[in-house]
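A structural walkthrough
Listed below are the residues making up each chain.
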Amino acid sequence: MRRILMPILTLIFAVIFFSRCTDDKSSSGETDDQSASAFDLNEARGIIQEKTKRFTEAHILKDTAYLNNIVSNDARYFPPNSEIVVGKEAIALLNTEWVNYEIQEFTEETITFYGNEDYLIDEGTYFLRFGEDGVTDRGKYINIWTKVNGDWKICSNIWNTSLPLSMMDEEK
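Just so it is clear, the structure is predicted and the values come from calculations on it, not from any experiment. (Residues numbered from 1 in each chain as written. Predicted model: local features only at pLDDT ≥ 70, side-chain atom pairs only at ≥ 80, totals over all residues. Heavy atoms only, no water.)

Comments concerning the packing of aromatic side chains
Taken as a whole, this structure holds 5 aromatic pairs when the rule is applied. Measuring from centroid to centroid gives 5.8 Å for Trp-98 and Trp-159, while their planes differ by 70°, and the two rings are edge-to-face. Placement of the pair is Trp-98 in helix H6 (residues 88-99) and Trp-159 in strand E6 (residues 151-161), with a sequence separation of 61 residues. On the numbers, 6.0 Å between centres and 65° between planes, the contact of Tyr-101 with Phe-130 is edge-to-face. Taken together, the residues Tyr-101 in the loop between H6 and strand E3 (103-115) and Phe-130 in strand E4 (residues 119-130) connect sequence positions 29 residues apart. (Phe/Tyr/Trp six-rings, centres within 6.5 Å; stacked < 30°, edge-to-face > 60°. Helix = DSSP H or I, 4+ residues; strand = E, 2+ residues; numbered from the N terminus.)

Things to note about unusual backbone geometry
Even without a glycine there, the phi angle at Asn-81 is positive, about 55°. Among the secondary structure elements, Asn-81 is positioned in the loop between strand E1 (71-78) and strand E2 (85-86). By relative accessible area, Asn-81 is classed as exposed at 78%. A positive phi angle is found at Asn-149, which is not glycine, with a value near 50°. Note that Asn-149 resides in the loop between strand E5 (135-148) and E6. The class for Asn-149 is exposed, based on a relative accessible area of 81%. (Buried < 20%, exposed > 50% of the residue type's maximum accessible area, 1.4 Å probe, protein only.)

Concerning the pattern of salt bridges
Going through the model one piece at a time under the given rule, you end up with 5 salt bridges. Residues Glu-57 and Lys-53 are paired through a salt bridge, measuring 3.9 Å at the closest nitrogen-oxygen approach. Of this pair, Glu-57 and Lys-53 both sit in helix H4 (residues 41-61), 4 residues apart, which is roughly one turn of the helix. Residue classification places Glu-57 among the partly exposed residues on the basis of a relative accessible area of 33%. (Salt bridge = Lys/Arg side-chain N within 4 Å of Asp/Glu carboxyl O.)

Describing the nonpolar core
One broad trend across soluble globular proteins is that nonpolar side chains are buried collectively. The biggest cluster of nonpolar side chains holds 27 residues, and the ones touching the most others in it are Phe-55, Ile-70, Val-71, Tyr-77, Leu-120, Trp-145 and Ile-154. Secondary-structure elements contributing two or more residues to this core are H4, helix H5 (64-69), E1, H6, E3, E4, E5 and E6. Once residues within four sequence positions are removed from consideration, Phe-55 is found in contact with Tyr-66, Leu-67, Ile-70, Tyr-77, Phe-106, Glu-108, Ile-154 and Asn-157. (Core = buried A, V, L, I, M, F, W, Y, C linked by side-chain atoms within 4.5 Å. Contact = heavy atoms within 4.5 Å.)

Some words on H6
The end-to-end C-alpha distance of H6 is 16 Å, a good match for the 16 Å that 12 residues give at a rise of 1.5 Å each. Within H6, the full set of buried residues consists of Ile-91, Ala-92, Leu-94, Asn-95 and Val-99. Angular distribution of buried residues about the axis of H6 spans 165°; they occupy a single face of the element. Exposed side chains of H6 directed beyond 90 degrees from the buried face belong to Glu-89 and Leu-93. Those residues of H6 hidden inside the fold are in contact with H4, H5, E1, E2, E3 and E6. (Expected span 1.5 Å × (residues − 1). Arc of directions from axis to C-beta.)

Overview of the confidence of the model for the protein chain
Per-residue pLDDT for the protein chain has a mean of 84; in total, 74% of the residues score no lower than 70. Scored below 50 in pLDDT, residues 9-36 makes 5 contacts in the model with residues more than four places away or belonging to other chains. (pLDDT = per-residue confidence, 0-100.)

Quick word on H4
An α-helix turns once per 3.6 residues; consequently, residues spaced three or four apart project the same way. Under the 1.5 Å per step criterion, the end-to-end length of H4 is 30 Å for 21 residues, consistent within 8% with the ideal 30 Å. Among the residues making up H4, those that are buried are Ala-44, Ile-48, Lys-51, Thr-52, Phe-55, Thr-56, Ala-58 and His-59. All buried residues of H4 project into a common sector of 150° when viewed along the axis, lining one side. Projecting away from the buried face of H4 at angles above 90 degrees are the exposed residues Asn-42, Glu-43 and Leu-61. Two or three places before Asn-42, at the start of H4, stands the capping residue Asp-40, its side-chain oxygen 3.0 Å from that residue's backbone nitrogen. One or two residues past the end of H4 sits Lys-62, with phi positive at roughly 60°. (Polar contact = N/O pair within 3.5 Å; in protein donor to acceptor, adjacent residues only side chain to side chain.)

In structure tokens form, the structure reads like this:
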């Protein structure tokens, strides 16, 4: 009797144990539909690439409305050779200054892109040509994006030149 009872009890225990460990969806309230709509990094990258294209074009077109609305209310910009600029209003002033540099060409190229449903990080390089003399600058940037009311917004942006300061002075 013992020989028959032990395997049956072991089998019952194993079924109970593994059924509790392998599928916690029912106790968490998650359904198969919810897990099917998981975060898609490639889709997010496409959205950010389009926003980045509009961002660079907005500088050329002096579209400060777009530039001011692509940032979160508490965004932080870290411009080169300057203090940190915090908040949408302060960044709006910075945007006005930047578009007045008469930007003729501005591109950003993503090198690395990663993140999750809360934050996306876009690291890359930029090229900028501006002013009456067509001064050029090449550098690198990091944009951190966060979702605000279902829309991706820049919450942190840092950029700086890759050119030696002496070269920038010579190009002027």
